[in-house]
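# Close look at the chain arrangement
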Amino acid sequence: MDIREEKHINTALQVSSFRTALRGFERLVEHVAAQKRDERAGVFAQKEDTVDYDKFYKMVQELFGPEVKSQDVKCFYRKLCNNPDASIDWCEIFGYFSSEEESLINQMDQENLVFLISRKQRVVISGSRRRDVIKCIVKVPHLDLLITASQKGMITVFNSQMKVQTSTNVTDTSWITGCDYLSQLKRIVATTERTIIVWDYKAQGNSQENYFVIKPMDHCLLCVCVVSLPDQLCRDDILLGDDGGFVSKFTVNSEDFGLKQAKSKKRLQNQVLDSKNFRSVKRKLHNDWVMKIRYIPALNCFGSCSLDNVHSLVLESLKRIEDNLPVREFAMPRGANTFCYCMKANVIVTGGDDKVLRLWHPNISTKPVGKLVGHMFSITEIVTNEKEQHVISLSSAKVFRVWDIQTLSLLQVFHDSQGGPGDMQIYSMIFDSNHRMLITGSSVMDMYPLTRMIQDTKQVPHTHEREINVMLYNKYFHQVLTICSESIIKVWELETGLQIYQILDPHGFNVELTAAAIDESGFLFATGAYNGTVKIWDFGSGQELKVLPEGKDWKEEEHWLHRLIFLKAQEKHQYLLLSLERNGKIRMIQGKEDDIYLAVIWELPDVVPVLQNGNRIVHLRVSTKERSMAIPFPDVELIVEKNFSQRVGNSAVSIEVNCIDLLQIEGYHLIAAGTLNGVIILWNFVTSTVKEVYRPEDCFTVDPDLDPKRFRINDILFLFHNPECVRRSSQDSVCSSSQCDSSKGPQSSKGSKQSIHESEVKGEQTDVAMREQQPVDKKPPGGTNETDIQPPPILVTAHEDGHLRLWTMEGRLLKDILPFTKHAAISLTSLFTDSCARILLTGNTEGHVILCSISSFLESPHDEKKFKQLLAWRAHSLEIVQIIYVEEKQVVLTASIDGSVRLWHALNGHYCGYFGQRRTFELSQTSDFILPCDVTEYPIEIKEESKFTEKKLTYEYPLVFDRQRWQKMSSMSLLFKRTPPKAFEVEHDFKFFKSLSSPKIRKHALEGFMTENREAGIVFGSLPIYRVPSPTSLRFLPLIGSEAQRESSDGFHGKKKGGHVQHEKVQRRRSLKRNLVPQVNLASSFFPAIPK
């Protein structure tokens, strides 16, 4: 008992201490989350209780002990920093991540391979009569409408969101047997046992209940379909099948309904039309009931099936209905209840009471090409999924079977077990290709989604269990390499998304990989770890070739590798790598053929302290030391003045190099570096100089009120036109300019693969055309072609403040752009450009992808307007680590700290899938627009402004009467200025028109408008308001041609001058009469009437 009591007490103490640790951990997490929220809001101030990663790790170890792995704590801390508002579970600190999708993954077994039954949705048609069933379902793909017709007369139209758009109730004594959509007349046709119903579903108000009834019919109508012929205008052909075995073609025109409706003075609820007034033909093709009739546009013929054993299926053109020529007949035991046609496989699938699915070639009626056996009851409905090449069959026992047409194999079987005894039968079934779901109609409407749609929209994408550190693309093998923080290397096939192989713990147990690179040939790749070790691998097999071991005197994380770049080796069987360490050191690593070990052979000197001292350009001294093997960059030393004294910088300011890029082309031998405090450094080994391209103000001072990372450069990239690309684009431009008329045809369609470069090519075409039109004598001296003169490369930098900046080699800022997204300025993390520098891609910390066009901008003189942002979309909910554009497939790869690598169409930002999903990629199919479950924002397409709207609009305001200007002008001044008019010329120098002027209000106030003016409304609230003061009296307004009234309106000064003034008035009145100027009062034209 004593031992048991001790064990019980120890257990209770452990539980209580663990609960205490959990409470402390919750407080720590709340404190860090609040700190990160303040940092994002920009109100965070450095305090003593600020928790960074090292402090967080120590506090977690104090709470839970030293057994907590640093890898798990680091992953937890990064997740907390990136999303402080996310739900946090204490299990994650020990590496156990609870997932809400575990139940979903368990459901996605082999039984749910095609349709996910657990996600079935049910729609109950409101207003339907008791014991009513859905007899027919029709999908209108081009309008994305769904039409249902119930047996007792309820016709309903659903929109794309499965919301009821409109409905009507057919008051007929007989039941509805089928329905379809009249594509030319834009109406719905339904058949009852004895009548044809034509309903205008777009009518408004009480007119919704108005429909036309065509009767009588000779036999009981069982099925209906519409012949959709695009060459027919305002006319539709309707095919009808009845219980007598007849197939009838019924023609309806727009005049048959429009004229009748116009003549009727009083609108009736339904209007009866005589069937004898319509053109119709029929022919007996079966000896039993016609169960199903369809028109197949791909074969340009119709098909009808019956329970007849001999004439089970008839497949012929519409002309055979009008004559008595033989038809193509397919015979099968016990007839056929239903059939469908698969266009890709070019087969017709039939099913009936013999429980066998038969596959027929349309031109071979003697024997089926295949049989599918498995149903235990009569087959009532068959539909096809053209995209996946599946056939879905339904039996009378409500058992569904999904078949693969190509392999004739059974993929899935499921049963609709819901419903009572009266709901046993399913009367109709279709496959909605727009929304990728199976829809059935019984007493309710059920929708079964495809499993792949649920995977794409409900399941959280995950390629690795931990965050992605590196992503690379091998353009020769068309494969993608990904590395996570758990140090697992995975190689994927781009076209399918299937995993080829993986490598666990490549640098040893619990050694995190932080950098990687692929050589130019694609046969090798290199990896670097946080401890400074480097390995070279064979890409095809994943075999380790060479290794740079860890030094004995190296400190932990001292040589953390931040970037690796393969260099062009000048000798065969030699490997050269350029590495950037987290401490800012740039080194060269060499590997020889006969040596398994790599060695560091070259290191750049630290130039930041010299540049910090005020020197903008520092010269380099090339070492004369000879090497056994040639290397691309020589050994250099800094040439520093003798009186140089290294300034002691602020230790709180990080000045280490954060990113680098390399440019090795003819005429340029450059290394560009961006530092943590925003300085851009350019190493030029042709001129043997190192230059400070840009330095922000106050980058070496610390302001506690501002973010210390605000100047940081996260990525840097060289942009230049490859000579081969320039030559190729000029040839394409010449060809396209000579064939400009033909280029306006199918090549300009939306889905063309050339469409992503259309905006760039247009600019290049105009430039090349202008060059071609220039005379020969305008060529530069020496006979060199203009296309051979390459513009110098430029630098692009991605900054922590969210700006994208482009620089010349001399340090001149060409463009400073804040990429447009739905959010404020967000830190940019990654840059990428294609081989010809046509587009520029960048990603940010909020998971957005920004795609820009830069082809025309790179040409001199670097016009700012030619730098255009084309697209912006949200690819992840967390930070994007790396972004890659695959030119040949025109897709974008994004890797994030959420552990997923996703694939997107570069043309429109549509989601393709993620590496690690169960289904294979379909890169050519872009019809389905879906979003992953953690993204809710749609892509933003930035359209190019028109040439007419690029110019600033100039507003012409109406002229108003300026009273002050009118009073200053005297009649004497006008009299002396007036010259005698010529013949047939009217004098226009009137005082009133001289007094007109523009309104004296600020123009920018007129050009703007106030928003949210609810009283004025959305339209009139946005209009500028001109306020003109009303005159006090109309007596001040003169009559044109009457200078006497103008003189009197100036005041009574003339009376003081006596008769002299009166004599002048008489003289002027006579002169005006001789000029024949009419007396017109313009007061009503400029001022409204004033009520008395």
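Predicted model only: the values in this text are computed from it and were never measured. Residue numbers run consecutively from 1 along every chain, following the written order of its sequence. It should be noted that, the model being predicted, local features are given only for residues of pLDDT at least 70 and side-chain atom pairs only at 80 or more, the latter also being counted only at that level, while totals for whole chains, interfaces and linings use all residues. The side-chain quantities take in all heavy atoms of the structure and omit both hydrogens and water.

Right, let's get into the overall build of the protein. Segments assigned H or I by DSSP are reported as helices when at least four residues long, segments assigned E as strands when at least two residues long, and all are numbered from the N terminus. If you tally the helices and strands in the protein, you get 19 helices and 62 strands. In the protein, which comprises 1092 residues, the share counted as buried stands at 48%. Taking contacts inside the protein between residues at least 6 apart in sequence as the whole, the part at least 24 apart equals 55%. When the accessible area of the protein is evaluated, it comes to approximately 57,800 Å², of which 52% is carbon and sulfur surface. Throughout this description, buried means an accessible area under 20% of the type-specific maximum (1.4 Å probe, protein chains only), exposed means over 50%, and partly exposed covers the range between. Residue contacts follow a heavy-atom distance rule, with two residues in contact if any of their heavy atoms lie within 4.5 Å. All accessible areas in this document rest on Shrake-Rupley with a 1.4 Å probe, and a residue is counted as covered only by the protein chains that are shown.

By the convention used here, strands pair only if DSSP detects at least 2 bridges between them. Sheet architecture is open: four strands sit in the order β38-β39-β40-β41, paired in antiparallel fashion. The open sheet has two edge strands with one neighbour each: β38 (561-566) and β41 (599-603). Pairwise comparison of adjacent strand axes, ignoring direction, gives a mean angle of 30° for this sheet. Geometry is summarised by axes, namely lines fitted to C-alpha atoms with helices restricted to the contacting stretch, and by angles between N-to-C directions that run from 0 to 180 degrees.

Whether two aromatic rings pair depends on their centres lying within 6.5 Å, for rings of Phe, Tyr and Trp, where Trp uses its six-membered ring; planes under 30 degrees apart make the pair stacked, over 60 edge-to-face, and the rest tilted. Evaluated as defined, the whole model comprises 24 aromatic pairs. Plain terms: the ring middles of tryptophan 873 and tryptophan 904 are 6.2 Å apart, the flat faces sit at 45° to each other, and that makes the pair tilted. Of this pair, tryptophan 873 sits in strand β55 (residues 868-874) while tryptophan 904 sits in strand β58 (residues 901-905), and the two are 31 residues apart along the sequence. The pair formed by tryptophan 873 and tryptophan 904 is uniform in burial state, with each residue classed as buried. With centroids separated by 5.0 Å and ring planes inclined at 50°, the aromatic side chains of tryptophan 904 and tyrosine 911 adopt a geometry described as tilted. The exposure class of tryptophan 904 is buried, given its relative accessible area of 0%.

Time to look at the state of the cysteines. Disulfides are defined in this document as cysteine sulfur pairs within 2.5 Å. Enumeration over the complete set of coordinates arrives at zero disulfides. Counting only cysteine sulfurs, cysteine 136 is the nearest neighbor of cysteine 179, a cysteine outside any disulfide, at a range of 3.6 Å.

A separate point is the sheet that holds strand β2 (residues 134-140). Taken in spatial order, the four strands make up an open sheet running β2-β3-β4-β5, and their pairing is antiparallel. The sheet is open, and its two borders are formed by β2 and β5 (164-169), each paired with just one other strand. For this sheet the average axis-to-axis angle between neighbouring strands, irrespective of direction, equals 15°. In this sheet, strand β4 (residues 154-158) lies alongside strand β3 (residues 145-150) in antiparallel orientation, the contact comprising four bridges. The residue of β4 that forms the bridge with leucine 146 is phenylalanine 158.

Moving on, we come to the environment of leucine 22. Inspection of the secondary structure puts leucine 22 in helix α1 (residues 2-41). Since its relative accessible area comes to 15%, leucine 22 is described here as buried. With 41 residues separating them in the primary sequence, leucine 22 and leucine 63 have C-alpha atoms 8.0 Å apart. Non-local contacts of leucine 22, meaning those with residues more than four positions away in its chain, are made with Phe64 and Trp90.

One recurring pattern in soluble globular proteins: nonpolar side chains tend to sit buried together. We call a set of buried Ala, Val, Leu, Ile, Met, Phe, Trp, Tyr and Cys residues a nonpolar core when their side-chain atoms join them within 4.5 Å. By size, the foremost hydrophobic cluster in this structure holds 32 residues, and its most contacted members are Leu578, Trp602, Ile671, Ile681 and Trp683. Excluding residues within four positions of it along the chain, tryptophan 683 makes contact with Leu604, Pro605, Val607, Leu620, Leu638, His669, Leu670, Ile671, Thr689 and Val690. Core analysis: the next-biggest nonpolar cluster, separate from the first, contains 20 residues, Leu719, Leu814, Leu840 and Cys852 among them.

Attention shifts here to the pairing of strand β45 (residues 668-675). Taken across its eight residues, β45 has six buried, putting it largely inside the fold. The hairpin turn running from β45 into strand β46 (residues 680-684), its antiparallel successor, is four residues long, and glycine 678 in that turn takes a positive phi close to 90°.

Attention shifts here to helix α2 (residues 53-64). An α-helical turn contains 3.6 residues, so any two residues separated by three or four positions project in the same direction. In this model, α2 (twelve residues) spans 16 Å end to end at C-alpha, consistent with the 16 Å of a helix rising 1.5 Å per residue. Considered for burial, the residues of α2 that qualify are Phe56, Val60 and Phe64. Summarising the axial view, the buried residues of α2 lie within an arc of 45°, below the 170-degree limit, and thus occupy one face. Residues of α2 that are exposed and point more than 90 degrees away from the buried face comprise Asp54, Lys58 and Glu62. After α2 finishes, the residue glycine 65 shows a positive phi value of roughly 95°. A helix's residues, less one, multiplied by 1.5 Å, set its expected span. Regarding the arc, it is the one traced by the directions from the helix axis to the C-beta atoms.

Bringing unusual backbone geometry into the picture now. Residue lysine 215 is joined to proline 216 through a cis peptide bond whose omega torsion reads 5°. Within the secondary structure, proline 216 is located in the loop between β9 (211-215) and β10 (221-227). The omega torsion across serine 860 and proline 861 is 10°, close enough to zero to call that bond cis. By secondary structure assignment, the location of proline 861 is in the loop between β54 (848-853) and β55.

With that settled, the discussion passes to the pattern of salt bridges. Any two side chains of opposite charge can pair, so long as their charged atoms come close to each other. Think of a salt bridge as a Lys or Arg side-chain nitrogen and an Asp or Glu carboxyl oxygen that are within 4 Å of each other. Enumeration over the complete set of coordinates arrives at 28 salt bridges. Measuring nitrogen to oxygen at the nearest pair gives 3.2 Å for the salt bridge that ties glutamate 692 to arginine 616. Of the two residues, glutamate 692 is situated in strand β47 (residues 689-694) and arginine 616 in the loop between α8 (608-612) and β42 (617-622); the sequence distance between them amounts to 76 residues. Looking at arginine 616, the relative accessible area reads 44%, which means it is partly exposed.

Within the secondary structure, valine 444 sits in the loop between β28 (437-441) and β29 (445-449). According to the relative accessible area criterion, valine 444 is buried, its value standing at 12%. With 320 residues separating them in the primary sequence, valine 444 and valine 124 have C-alpha atoms 5.1 Å apart. Not counting the four nearest positions on each side in its chain, valine 444 is found in contact with Arg122, Val123, Val124 and Ile134.

Think of a patch as exposed residues, more than 30% relative accessible area, with no salt bridge, where like charges cluster within 9 Å and nonpolar side chains (Val, Leu, Ile, Met, Phe, Trp, Tyr) cluster within 5 Å. Within this scheme the basic residues Lys and Arg register as positive and the acidic residues Asp and Glu register as negative, but His and the chain ends are omitted. Charge coordinates come from a single atom per side chain, which is NZ of Lys, CZ of Arg, CG of Asp or CD of Glu. On the surface, a cluster of negative charge is made up of Glu697, Asp698, Asp703 and Asp705. Of note, aspartate 698 is situated in the loop between β47 and β48 (713-719).

With that out of the way, let us pick up the side chain of threonine 833. Turning to its location among the elements, threonine 833 is positioned in strand β52 (residues 828-833). Of note is the side chain of threonine 833, whose polar atom sits 3.4 Å from the side chain of aspartate 834. Only 2.8 Å separates the side chain of threonine 833 from the backbone oxygen of isoleucine 839, close enough to count as a polar contact. Among all residues touching threonine 833, those that are not within four sequence positions of it are Leu717, Leu719, Arg838, Ile839, Leu840 and Ile854. Distance and chemistry together define a polar contact, namely a pair of N or O atoms within 3.5 Å, with one atom able to donate a hydrogen and the other to accept it when in protein, and with adjacent residues in sequence counting only for side-chain atoms on both sides.

Next up on the list: the confidence of the model for the protein. Note: predicted coordinates in regions of low pLDDT should not be interpreted at a detailed level. The quantity called pLDDT is the predictor's confidence in a given residue, expressed from 0 to 100. When pLDDT is averaged across the protein, the result is 77; 73% of the residues are at 70 or more. Throughout residues 98-111 the model reports pLDDT below 50, and contacts reaching past four residues in sequence, or to other chains, amount to 23 contacts. Low pLDDT, under 50, characterises residues 1039-1087; the predicted model gives this stretch 46 contacts beyond four residues in sequence or across chains.

This next bit is on the environment of isoleucine 940. Looking at where isoleucine 940 falls in the secondary structure, it is placed in strand β60 (residues 940-941). Between the C-alpha atoms of isoleucine 940 and threonine 821, which are 119 residues apart in sequence, the distance is 7.8 Å. Residues contacting isoleucine 940, with those up to four places away along its chain left out, are Phe820, Lys822, Leu870, Leu871 and Ala872.

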